[in-house]
Amino acid sequence: MAGPPAPPRKAQQRSGHENPPQSKGGARQSCNHISLGRRDGILQLVDDEGQAKATYVGGRKAARVKAGILKISLWGISHPTFGLPKRKRRLAAAAPDASAEKAVA
């Protein structure tokens, strides 16, 4: 059973309570998804402020989209350097440091 619904934004503004500002950088959340087993699910769109919109997608289609989102996120976690630039040239071998040679001897 879910708890009480969150108060609407206008009621928060009237009472003087403001939501903390969200950072504009980084990934944005565009939807909430709930799994209802392998064959059923719910996707609900979210606006820029994180408030849920009235539109949703349900059923098998939502379950397949959710499965795709999870597969992509797992792949991204397992490949953390994907998309980062690679070195075009090897680094020159550093000349041996005299202080390092003294420490070894």
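Just so you know, these numbers come straight off a predicted model, no measurement behind them.

Asker: Explanation requested: the pairing of strand β2 (residues 41–46) in the structure shown.
Answerer: In summary, the side chains of a regular strand alternate between the two faces of the sheet. Sheet topology note: the strand β1 (residues 31–35)/β2 ladder contains five bridges and is antiparallel. Of the residues in β2, the one forming a bridge with Asn32 is Gln44. Hairpin connection from β1 to β2: five residues lie between these consecutive antiparallel strands, with Gly37 at a positive phi of about 100°. Sheet topology places β2 next to strand β3 (residues 52–58); four bridges connect them, and they run antiparallel. Looking across to β3, one finds that Gln44 is bridged to Tyr56.

Asker: Before we go on, may I ask you to explain the sheet that holds β3 in this structure?
Answerer: Strands in a sheet are paired, the pairing made by backbone hydrogen bonds, and the direction either parallel or antiparallel. Read from one edge to the other, the open sheet built from three strands follows the order β1-β2-β3, with strand pairing classed as antiparallel. Only two strands of the sheet have a single neighbouring strand rather than two, namely β1 and β3. Within the sheet, the average angular offset between the axes of one strand and its neighbour, ignoring direction, is 20°.

Asker: Looking at this structure, I do not really get the environment of Leu43. What am I missing?
Answerer: Along the chain, Leu43 falls in strand β2. Spatially, the C-alpha atom of Leu43 lies 9.4 Å from that of Lys61, the residues being 18 residues apart in sequence.

Definitions and limits used
Residues numbered from 1 in each chain as written. Predicted model: local features only at pLDDT ≥ 70, side-chain atom pairs only at ≥ 80, totals over all residues. Heavy atoms only, no water. Pairing = 2+ DSSP bridges. Helix = DSSP H or I, 4+ residues; strand = E, 2+ residues; numbered from the N terminus. Axes fitted to C-alpha atoms, helices over the stretch in contact; angles between N-to-C directions.

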